[in-house]
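Commentary on secondary and tertiary structure
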Amino acid sequence: MHSISVLMKPSSGMCNMHCDYCFYTDETKNRQEASYGFMSDATLKNIIRKTISKADLISYVYQGGEPLLRGLKFFEQAIKYQKQYVRENTKVCNSLQTNGYMLDEEWCRFFAENNFLLGISLDGIKLTNDKFRHTKTGEGSYDKIKKNIGLLDKYKVDYNILTVITGDVALNIEKIYKEYKENGWFYQQYIACLDPLDCEKGQMPYSLTLDVYGEFLIKLFELWYEDFNAGSPVYIRQFENWVGMAAGYIPEACDMSGICSLQNVVKADGSVYPCDFYVLDEYKLGNFNENRLDTIIERYEQSGFTERSYLLGKECRECEYYKLCREGCQRNRISEGDYYKNYFCEAYKSFFSHCGDKINKLTSKI
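Not measured: the values here are computed from a predicted model.

Cut-offs used in this document
Residues numbered from 1 in each chain as written. Predicted model: local features only at pLDDT ≥ 70, side-chain atom pairs only at ≥ 80, totals over all residues. Heavy atoms only, no water. Pairing = 2+ DSSP bridges. Helix = DSSP H or I, 4+ residues; strand = E, 2+ residues; numbered from the N terminus. Salt bridge = Lys/Arg side-chain N within 4 Å of Asp/Glu carboxyl O. Buried < 20%, exposed > 50% of the residue type's maximum accessible area, 1.4 Å probe, protein only. Contact = heavy atoms within 4.5 Å. Axes fitted to C-alpha atoms, helices over the stretch in contact; angles between N-to-C directions. Parallel < 35°, antiparallel > 145°, perpendicular 65-115°, else oblique. Left-handed = near helix turned anticlockwise from the far one by under 90°. Nonpolar A, V, L, I, M, F, W, Y, C, P; charged D, E, K, R; others polar. Core = buried A, V, L, I, M, F, W, Y, C linked by side-chain atoms within 4.5 Å.

Let's shift gears to the pairing of strand β1 (residues 3-8). Pairing of β1 with strand β3 (residues 57-62) involves six bridges; the strand directions are parallel. Across the sheet, residue L7 finds its bridge partner in β3, namely V61. Of the strand pairs in this sheet, β1 and strand β10 (residues 265-266) are connected by two bridges, and their pairing is parallel. Looking at β10, one finds that L7 is bridged to V265.

This is the structure we're talking about:
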């Protein structure tokens with residue numbers, strides 16, 4: 001089945017919160033035009049019209065900034081355009097990543113009626129979340145977001161909790177995992193915190209260092225492994241993928257395959273970029289208000305963006321853990337002459353040396 005993913009930023013980088021580590025705020029500072037405001041109805045129409053007929057399975061993902069700032073009518077119009085232009089045998093999936101601060105009953109009713117999958121950004125317990133995830137006035141966000149998650153449960157909206165792994169989150173993972181389970185949050189994603197572009201890694205207050213990340217992976221895996229064997233599994237995307245990869249399956253995410261692919265990230269003005277971590281002027285591929293998807297794909301193939309994923313040294317390729325590690329996301333790689341190496345390499349080695357045998361044991365159970 002041929003699939004396409006389109007990631008839209010209908011509110012540009014605008015947000016109703018201020019998170020200290022926000023990678024997208026960092027990207028906007030490194031562009032000539034920081035923001036294009038809100039996405040217009042015409043741009044939304046062109047994006048959907050030019051993409052929905054190109055695949056058997058198409059996924060529309062809405063991120064920000066904070067996408068809910070664009071307003072409910074925008075998303076109602078998106079559904080109308082999808083129904084207008086979709087082919088008979090094309091499956092359409094919608095998902096949205098939000099900080100959850102603006103959720104109310106009207107939003108939740110819409111998401112339930114239209115089968116949206118939501119990702120809710122929350123960084124663990126109140127202590128770890130509120131340290132770096134603030135409102136515009138500097139207040140913590142945990143209590144408000146936890147309350148709003150209750151509305152998702154009320155309307156039976158599917159969601160997962162997306163947690164950015166800061167140093168503080170990593171050091172408190174046992175408490176976080178316990179609280180997530182107590183809250184009924186059994187679908188979890190963990191993403192290593194990104195340091196700012198062109199800055200030395202590991203120097204920010206929220207930075208994730210190698211030893212801390214390695215210990216985090218081991219502790220979280222052991223908790224997950226214990227629950228899995230007890231018959232009460234928690235879905236953690238990274239671990240599920242590593243078990244699948246050990247069994248010979250293809251990972252679902254590009255950061256786990258180690259090979260970049262076109263993500264069709266679209267800013268509010270319709271301009272297209274290959275990846276959410278590279279929404280920078282030098283990576284622009286075109287604009288859906290001016291170009292067809294075929295043209296954008298052709299420009300991507302000519303850009304060499306994917307080919308850069310293969311520039312790994314001999315030590316990496318001959319590593320016993322390469323089958324699972326794959327050197328991770330390109331954004332986490334550092335240059336070593338003509339090749340790249342993942343900044344978290346030693347953390348991964350520590351993790352796989354401790355947990356690799358257990359990963360392999362689980363392959364018979366999938």
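Should the charged atoms of two oppositely charged side chains come close, the side chains can pair. For the structure shown, the criterion picks out 14 salt bridges. With a shortest N-O distance of 3.1 Å, D168 and K131 are connected by a salt bridge. With D168 in helix α7 (residues 167-171) and K131 in helix α5 (residues 126-132), this pair connects stretches of sequence that are 37 residues apart. Note on K131: relative accessible area 43%, which makes it partly exposed. Measuring nitrogen to oxygen at the nearest pair gives 3.4 Å for the salt bridge that ties D294 to R292. Connected through shared salt-bridge partners, K126, D130 and D143 make up one network.

Our next topic: the sheet that holds β3. By definition, the strands of a sheet pair up through backbone hydrogen bonds, in either a parallel or an antiparallel sense. Strand order across the open sheet formed by ten strands is β9-β8-β7-β5-β4-β3-β1-β10-β11-β12, with mixed pairing between neighbours. In this open sheet, the two strands that pair with only one neighbour each are β9 (235-236) and β12 (286-287). Here strand β11 (residues 271-273) pairs with β12 via two bridges, running antiparallel. Each bridged residue has a counterpart across the sheet, and for V272 the counterpart in β12 is G286. Sheet strands touched by helix α2 (residues 41-51): β1, β3 and β10. Its angle to β1, the strand with the most contacts, is close to 170°. Running at roughly 165° to strand β5 (residues 117-121), helix α6 (residues 142-154) makes contact with β5 and β7 (158-165) of the sheet.

Let's shift gears to the packing of helix α9 (residues 210-229) against helix α15 (residues 345-362). Relative orientation of the contacting elements α9 and α15 amounts to 15°, with a least axis distance of 7 Å. When the interaxial angle is binned, α9 and α15 end up roughly parallel. Regarding α9 and α15, the two cross each other, and that crossing is left-handed. Contact residues: α9 offers L210, Y213, G214, L217, I218, F221, E222, W224, Y225, F228 and N229, while α15 offers E346, A347, Y348, S350, F351, H354, C355, K358, I359, K361 and L362. Counted by class, the contact of α9 with α15 contains 14 nonpolar, four polar and four charged residues.

Glancing now at the nonpolar core. In terms of nonpolar packing, the biggest core is built from 107 residues, with M8, F111, L118, Y213, W224, W242 and F351 touching the most fellow members. Ranked by residues supplied to this core, first place goes to α9 with nine residues. Leave out the neighbours within four places in its chain, and W224 touches Y177, V234, I236, F239, E240, V243 and L362.

A few words now on helix α10 (residues 237-246). Judged by how many residues are buried, α10 sits mostly within the fold: eight of ten residues are covered. Taken residue by residue, α10 has Q238, F239, N241, W242, V243, G244, M245 and A246 as its buried positions. At its buried positions, α10 is contacted by β8 (187-192), α9, β9, α11 (254-257), α14 (322-325) and α15.

For the rest of this paragraph, the subject is the environment of C254. Tracing the backbone through its elements, the reader meets C254 in helix α11. Taking the relative accessible area as the measure of exposure, C254 reaches 30% and is therefore partly exposed.

Remember that the coordinates give geometry; whether it matters functionally is a separate question.
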